[in-house]
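# Coordinate analysis (summary)
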Amino acid sequence: QVVIDLTVMFATTEQFEVRQAEVGVDKRVTVPSLMVYCQESAYRNVRDVGFPVEVLYEQNMAWVLSRFRLEMNAFPAANEMVQVETWPSGSDKY
């Protein structure tokens, strides 16, 4: 039996620069801003592996970011870079 690990095959890494509007009163990036980076990176990942949401919509299907894990060494300030890694993890049926 051959097992193909899609996690490794379709994993991507992307860099985002923290903009001034994305920092809080402590001058560090906010958690909601980090989630926007995760959402954008995951969207680009699914598009790049061949499932653009426009095509899914035409087939009455949707793509949803349903899970995330946030690991931070430090919260960056404006103009610093954030690295986001995304990968498909399968699907859940409800």
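Thresholds, definitions, all that
- Residues numbered from 1 in each chain as written.
- Predicted model: local features only at pLDDT ≥ 70, side-chain atom pairs only at ≥ 80, totals over all residues.
- Heavy atoms only, no water.
- Helix = DSSP H or I, 4+ residues; strand = E, 2+ residues; numbered from the N terminus.
- Areas by Shrake-Rupley, 256 points an atom, 1.4 Å probe, with all protein chains shown as cover.
- Salt bridge = Lys/Arg side-chain N within 4 Å of Asp/Glu carboxyl O.
- Buried < 20%, exposed > 50% of the residue type's maximum accessible area, 1.4 Å probe, protein only.
- Core = buried A, V, L, I, M, F, W, Y, C linked by side-chain atoms within 4.5 Å.
- Contact = heavy atoms within 4.5 Å.
- Pairing = 2+ DSSP bridges.
- Phe/Tyr/Trp six-rings, centres within 6.5 Å; stacked < 30°, edge-to-face > 60°.

## Comments concerning the overall build of the chain
Tallying secondary structure elements over the chain gives 3 helices and 2 strands in all. Secondary structure elements of the chain, listed N to C terminal, follow the sequence α-β-α-α-β. When the accessible surface of the chain is summed, it comes to about 7400 Å², and 54% of that surface belongs to carbon and sulfur atoms.

## A word on unusual backbone geometry
Look at Lys 27: it is not a glycine, yet its phi comes out positive at around 65°. You can see Lys 27 is positioned in the loop between β1 (12–17) and α2 (31–48).

## Structural notes on the pattern of salt bridges
One pass over the full model with this rule turns up 6 salt bridges. Salt-bridge contacts for Arg 19 lead to Glu 22; the nearest nitrogen and oxygen are separated by 2.7 Å. Look at Arg 19 and you get exposed, because its relative accessible area is 55%. Using a relative accessible area of 7% as the deciding quantity, one classes Glu 22 as buried. In the salt-bridge network here, residues are joined through shared partners; they are Glu 14, Glu 40 and Arg 44.

## Section: the nonpolar core
Of all hydrophobic cores here, the largest spans 10 residues; its members are Phe 16, Val 18, Val 23, Val 29, Leu 34, Tyr 37, Cys 38, Ala 78, Val 82 and Val 84. Where this core is concerned, the elements lending two or more residues are α2 and β2 (81–86). Examining the composition of this core, we find that 3 residues originate from one element, α2, more than from any other. Beyond its immediate stretch of four places on either side in the chain, Val 29 contacts Val 18, Glu 22, Val 23, Leu 34, Tyr 37, Phe 75 and Pro 76.

## Points about the pairing of β2
The side chains of a regular strand alternate between both faces of the sheet. Residues of β2 alternate between two faces, with Val 82, Val 84 and Thr 86 buried on one and Met 81, Gln 83 and Glu 85 left unburied on the opposite face. Bridge count for β1 against β2 is 6 bridges, and the pairing is antiparallel. Each residue of the ladder has a partner; that of Phe 16, found in β2, is Val 82.

## Some points on the side chain of Ser 41
Within the element layout of this structure, Ser 41 appears in helix α2. Beyond its immediate stretch of four places on either side in the chain, Ser 41 contacts Glu 14, Phe 16, Val 84 and Thr 86.

## Some thoughts on the packing of aromatic side chains
Following the criterion strictly, the structure yields 1 aromatic pair and no others. Judged by centre distance (4.9 Å) and plane angle (10°), the rings of Phe 16 and Tyr 37 are stacked. Of this pair, Phe 16 sits in strand β1 while Tyr 37 sits in helix α2, placing them 21 residues apart in sequence.

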